[in-house]
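# Structural features, examined
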Amino acid sequence: MSKARIFIAGHKGMVGSSILRLLTKKGQKNLITKSHFELDLTKQTDVIKFFKKKKIDQIYLAAAKVGGIYANSKFPAEFIYKNLMIQANVIHSAFLCGVKKILFLGSSCIYPKITKTPINEEHLLSGKLEFTNEPYAIAKIAGIKMCQSYNRQYGKSHGLDYRCLMPSNLYGPGDNYDLKNSHVIPALIKKFHNAKKRGSSHVIIWGSGKPKREFLHVDDLARASVHVMNINKNLYYRNIGSMITHVNAGSGREITIKKLAELIKRIVGYKGRIKFDLSKPDGTLSKLMNNNRIRKLNWKNEINLESGLSEVYSDFKKNKY
């Protein structure tokens, strides 16, 4: 590995911790981490001071406030404010302190609610967003446009190369299992596990079960992140285009929420029934992304959904979330 000094922003989260594990496994020595209590990324003065002191070469920007449908609907102000502040401070402070390379981690929710699938990178800003997570999506779009704008204005003069990776729905070890704030996979795992322990006759799931989602194991995303960060600049932009900063990263396969629930039910060993609460929102019906660009960059996922879910459930039981 290189001798670059690498800062992993958000190293205690699911994505950041996976990137940290991978880089450590690869023998990367100069890894820099700070917890939220040690460095509040929403405070620009503290971020600039930290970057000046550490003389960082690369940043993996995985720090973010994240959550599922309930959390996004309940706390829209927090989602837009905290994510905008984190991104703006890290990206601008990086520029001021001479950091040449950033990998910004986003989300497939940046794309319009109604659009053709599979979703191409060019579909960004081509339609209205899904209302329930619009504040979070707008913040992530702003992060992409910041990276793109800094590349356009300072790429040649300052040698900036800020790249963005848009993963599909993520899951993996260390996920958030708070039922009010979690995404669909950790929520289902916890619901079925608790129902099994209590001997409940049924489990209630939000929505109709008809929407389809594309899932990616977080360790696959970590591999994609390190790969995209370090790939040759000419090869990278030759394959993604000069006016595109973000690249999709997914498994290329969708599954309905109903089938996902049935799969997790089987893995957990729950014997009761599944009931769908039709009064609750479904969200976007399909979010399958076009992964052709990242495939051309010689990356593809390795972990299939069933084996990944089995591993995650083992981690859930071991750590007693």
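Structure: see above.
Definitions and cut-offs
Residues numbered from 1 in each chain as written. Predicted model: local features only at pLDDT ≥ 70, side-chain atom pairs only at ≥ 80, totals over all residues. Heavy atoms only, no water. Salt bridge = Lys/Arg side-chain N within 4 Å of Asp/Glu carboxyl O. Helix = DSSP H or I, 4+ residues; strand = E, 2+ residues; numbered from the N terminus. Buried < 20%, exposed > 50% of the residue type's maximum accessible area, 1.4 Å probe, protein only. Pairing = 2+ DSSP bridges. Contact = heavy atoms within 4.5 Å. Phe/Tyr/Trp six-rings, centres within 6.5 Å; stacked < 30°, edge-to-face > 60°. Lys NZ or Arg CZ within 6 Å of the ring centre and 35° of its normal.

As enumerated under the stated definition, the model contains 11 salt bridges in all. Between Asp 220 and Arg 223 there is a salt bridge whose closest N-O contact spans 2.9 Å. Within this pair, Asp 220 and its partner Arg 223 are both found in helix H7 (residues 218–230), separated by three residues, close to a single helical turn. Taking relative accessible area as the criterion, Asp 220 reaches 1% and is therefore assigned buried. According to the relative accessible area criterion, Arg 223 is partly exposed, its value standing at 24%. Between Glu 306 and Arg 266 there is a salt bridge; the shortest N-O distance is 3.1 Å. Residue Glu 306 is located in helix H11 (residues 305–319), and its partner Arg 266 is located in helix H9 (residues 257–268); the two are separated by 40 residues in the primary sequence. Salt bridges sharing partners connect three or more residues here, namely Glu 121, Glu 122 and Arg 293.

Now for unusual backbone geometry. Between Thr 117 and the following residue, Pro 118, the backbone shows a cis peptide bond with an omega angle of 0 degrees. Mapping Pro 118 onto the fold places it in the loop between strand E4 (101–105) and helix H5 (134–158). We note that Lys 55 has phi near 50 degrees; this positive angle belongs to a residue other than glycine. Relative to the helices and strands, Lys 55 resides in the loop between helix H2 (44–54) and strand E3 (58–61). The phi dihedral of Leu 125 falls on the positive side, at around 65 degrees, and the residue is not glycine. With respect to the helices and strands, the residue Leu 125 is situated in the loop between E4 and H5.

On the basis of which strands lie adjacent, the open sheet formed by six strands has the order E2-E1-E3-E4-E5-E9 and parallel pairing. Edge positions in the sheet fall to strand E2 (31–32) and strand E9 (246–249), since each of these pairs with one other strand and no more. Here E3 runs beside E4; their pairing, made up of four bridges, is parallel. Following the sheet pairing, Tyr 60 is matched in E4 by Leu 103.

Residue placement: His 217 occurs in strand E8 (residues 212–217). If we ignore the near neighbours within four places in the chain, the residues touching His 217 are Tyr 171, Gly 172, Pro 173, Ile 303, Gly 308, Glu 311 and Val 312.

Within the secondary structure layout, Val 312 lies in helix H11. Sequence spacing of Val 312 and His 217 is 95 residues, and the spatial spacing of their C-alpha atoms is 9.5 Å. Non-local contacts of Val 312, meaning those with residues more than four positions away in its chain, are made with Tyr 171, Gly 172, Pro 173, Tyr 177, Ile 189 and His 217.

Along the chain, Gly 308 falls in helix H11. Judged by relative accessible area, which is 0%, Gly 308 ranks as buried. Sequence-distant contacts of Gly 308, defined by excluding residues within four places in its chain, comprise Tyr 171, His 217 and Ile 303.

Evaluation of the coordinates by the stated rule reveals 11 aromatic pairs. Judged by centre distance (5.6 Å) and plane angle (45 degrees), the ring pair of Phe 192 and Tyr 270 falls under tilted. Separated by 78 residues along the polypeptide, Phe 192 in helix H6 (residues 184–198) and Tyr 270 in the loop between H9 and strand E11 (273–277) bring together distant segments of the chain. The residue whose ring lies beneath Arg 163 is Tyr 236, and the NZ or CZ to ring-centre distance is 4.1 Å. Looking at Lys 280, its charged tip hangs above the ring of Trp 206, at a distance of 5.4 Å from the centre.

These figures come from the coordinates and say nothing about function on their own.
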